[in-house]
Amino acid sequence: MYRIAVTNRHLCQEDFLTRIRRLAEDTYYDAILLREKDMTEGDYYILAKEVLAICQNNGKKCIFHSFYQAARECGHTMIHLPLPLFRTLTEEEKSFFTELGTSAHSMEQAEEALRLGASYITAGHIFPTSCKPGLPSRGLPFLKEICDSVPIPVYGIGGICQANERLVTDHGAKGVCIMSGAMG
């Protein structure tokens, strides 16, 4: 099972970079997705350089989120983009990245992500989560439908913890994305 720690500095219970170091040293997680989309691109770039260095020093995969120009400036070729932003990239802009992921919240979005050239998809939210208050979860049948329909890796996201992560991979996902558990 592939586990991606998704960051949210607002949920972090300790100094953010200290938490990143702990995640980078932790063998439980395979990658860190730096999802600080409320920052300015300039502030994200500064933080991303530090996080990338921590990840590289620990042999941990680092995926930038949203700020593809910051990724390019860092020479970093792994990015996750919200689908509306992914749609705006030109083929030339996409060609810089070796890993280009996006999120899907419907079968139609998963199919679009595939057409646009995504190398992976995060699908969710699978279980109820405090990050999406008031929004009903999409559930495991939704995840299975996505996994069965696209030939690229799918990672479940939303309300996932150690107690339910096996359910996600049992429904076809390559792995899981964990935010609250990673930041707590």
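Everything below is about the structure printed above this text.
All values derive from a computational prediction rather than experimental measurement. (Residues numbered from 1 in each chain as written. Predicted model: local features only at pLDDT ≥ 70, side-chain atom pairs only at ≥ 80, totals over all residues. Heavy atoms only, no water.)

A. Quick peek at the overall build of the protein. Along the protein, the regular secondary structure elements total nine helices and eight strands. The C-alpha radius of gyration computed for the protein amounts to 15 Å, which stays within 12% of the reference 16 Å derived for 184 residues, consistent with globular compactness. Among the 184 residues that make up the protein, the fraction classed as buried is 52%. Within the protein, counting contacts between residues at least 6 apart in sequence, those at least 24 apart form 56% of the total. Accessible surface, the protein as shown: approximately 8500 Å² in total, 49% of it carbon and sulfur. The centroid of the 19 positive side-chain charges in the protein is displaced by 3 Å from the centroid of its 22 negative side-chain charges. (Helix = DSSP H or I, 4+ residues; strand = E, 2+ residues; numbered from the N terminus. Rg over C-alpha atoms; globule rule 2.2 N^0.38 Å. Buried < 20%, exposed > 50% of the residue type's maximum accessible area, 1.4 Å probe, protein only. Contact = heavy atoms within 4.5 Å. Areas by Shrake-Rupley, 256 points an atom, 1.4 Å probe, with all protein chains shown as cover. Lys, Arg positive; Asp, Glu negative; His and termini not counted. Charge placed at Lys NZ, Arg CZ, Asp CG, Glu CD.)

B. Region of the structure containing the packing of aromatic side chains. Summed over the entire model, instances satisfying the criterion amount to six aromatic pairs. A centroid spacing of 5.0 Å and a plane angle of 90° characterise the contact between Tyr 28 and Tyr 29, whose relative ring orientation is edge-to-face. Linked through ring pairs, Tyr 2, Tyr 120 and Tyr 155 together constitute an aromatic cluster. The ring of Phe 96 has Arg 72 sitting right over it, with the charged end atom 4.8 Å from the ring centre. Its guanidinium or amino end placed over the ring of Tyr 2, Lys 174 lies 5.6 Å from that ring's centre, counting from NZ or CZ. (Phe/Tyr/Trp six-rings, centres within 6.5 Å; stacked < 30°, edge-to-face > 60°. Lys NZ or Arg CZ within 6 Å of the ring centre and 35° of its normal.)

C. Representation of the pattern of salt bridges in the model. All told, the structure shown has nine salt bridges when counted by the stated rule. With a closest N to O distance of 2.9 Å, Arg 22 and Glu 14 form a salt bridge. By relative accessible area, which is 46% here, Arg 22 ends up partly exposed. Note that Glu 91 is salt-bridged to Lys 94, the shortest N-O span being 3.1 Å. On the criterion of helical spacing, the pair formed by Glu 91 and Lys 94 is a turn pair, its members being three residues apart in helix H5 (residues 91–95). (Salt bridge = Lys/Arg side-chain N within 4 Å of Asp/Glu carboxyl O.)

D. Representation of the pairing of strand S5 (residues 99–104). By the criterion of burial, S5 is predominantly enclosed, with six of the six residues buried. Burial along S5 is two-sided: the face carrying Glu 99, Gly 101 and Ser 103 and the face carrying Leu 100, Thr 102 and Ala 104 are both buried. As paired elements, strand S4 (residues 78–81) and S5 share four bridges and run parallel to each other. Across the sheet, residue Leu 81 finds its bridge partner in S5, namely Thr 102. Looking at chain direction, S5 and strand S6 (residues 120–124) are connected through four bridges and run parallel. Its bridge partner being in S6, Ala 104 is matched across the sheet by Ala 123. What joins S5 to S6 is helix H6 (residues 107–116), and the crossover it makes is right-handed. (Pairing = 2+ DSSP bridges. Right-handed = clockwise from strand over helix to strand, strands pointing away.)

E. Representation of unusual backbone geometry within the structure. Of the consecutive residues Gly 124 and His 125, the connecting peptide bond is found in the cis state with omega at 0°. Located in the positive-phi region is Ser 66, a residue other than glycine, with phi close to 75°. Residue placement: Ser 66 occurs in the loop between strand S3 (61–65) and helix H3 (68–74). Assessed through its relative accessible area of 12%, Ser 66 is described here as buried.

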